[in-house]
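Residues per chain, in single letters:
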Amino acid sequence: QVQLVESGGGLVQAGGSLRLSCAASGRTFSNYDMGWFRQAPGKEREFVAAISWSGGRTFYADSVKGRCTISRDNAKNTVYLQMNSLKPEDTAVYYCAAPPNSATYYYTPPTDFRQYGYWGQGTQVTVSS
């Protein structure tokens, strides 16, 4: 059974940084692309970043491009999201996600939340102005 456990959220002032981590278990981590999504109160879940199985390809939402970096350590079964220059509009619950199919199934790492089948419990990020 796939399990994803996020950590690293918290309260930070605008302009600050946070590093989110997601520890995965239950299957061969290095065979799968991974993604980060977020959901603010009253809003739909939105794509933040995705990374290919090897870490060689990364994709970002326009809203975070240049401020966030997704990375992974396959030896530690962990994916990270480094967030810099945080803004109040980045306030949300951040979710780590894994697709149900291995990376060979997708042309590029999925960016649509409906293509992901496994989710962590989420970690709250709050950015104060």
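Please read these numbers as outputs of a predicted model, since none were measured by experiment.

(A) Summary view of the pairing of strand S9 (residues 92-98). Across the 7 residues of S9, 6 count as buried, placing the element largely inside the fold. Sheet analysis places strand S4 (residues 34-39) next to S9, joined by 5 bridges and oriented antiparallel. What sits directly across from Arg38, in S9, is Tyr94. Relative to strand S11 (residues 123-128), S9 is paired through 3 bridges, and the arrangement is antiparallel. Bridge pairing links Ala92 to Val125 in S11. For S9 and strand S10 (residues 118-119), the ladder comprises 2 bridges, and the chain directions are antiparallel. Of the residues in S10, the one forming a bridge with Ala98 is Tyr118.

(B) Representation of empty space enclosed by the protein in the model. Applying the stated criterion across every chain yields a total of 1 cavity of 30 Å³ or more. The space that makes up the largest cavity amounts to roughly 60 Å³. Lining the largest cavity are Val2, Leu4, Ala24, Ser25, Arg27, Phe29, Tyr32, Met34 and Ala98. Its residues assigned to classes, the lining of the largest cavity comprises 7 nonpolar, 1 polar and 1 charged.

(C) Layout of the nonpolar core. Judged by nonpolar contacts, the single largest core of 34 residues is most densely connected at Met34, Trp36, Val79, Leu81 and Met83. At the level of secondary structure, the elements contributing two or more residues to this core comprise strand S3 (18-25), S4, strand S5 (46-51), strand S7 (68-73), strand S8 (78-83), S9 and S11. Apart from residues lying up to four places away in sequence, Val79 is in contact with Leu20, Ser21, Cys22, Phe29, Met34, Trp36, Ile51, Ile70, Ser71, Arg72 and Cys96.

Reading guide: rules and limits
Residues numbered from 1 in each chain as written. Predicted model: local features only at pLDDT ≥ 70, side-chain atom pairs only at ≥ 80, totals over all residues. Heavy atoms only, no water. Buried < 20%, exposed > 50% of the residue type's maximum accessible area, 1.4 Å probe, protein only. Helix = DSSP H or I, 4+ residues; strand = E, 2+ residues; numbered from the N terminus. Pairing = 2+ DSSP bridges. 1 Å grid on protein atoms, 1.4 Å probe; cavity = no way out; pocket = protein on both sides within 12 Å on 5 of 7 lines; lining within 4 Å. Points joined across faces, edges and corners; volume = space filled by probe spheres on them. Nonpolar A, V, L, I, M, F, W, Y, C, P; charged D, E, K, R; others polar. Core = buried A, V, L, I, M, F, W, Y, C linked by side-chain atoms within 4.5 Å. Contact = heavy atoms within 4.5 Å.

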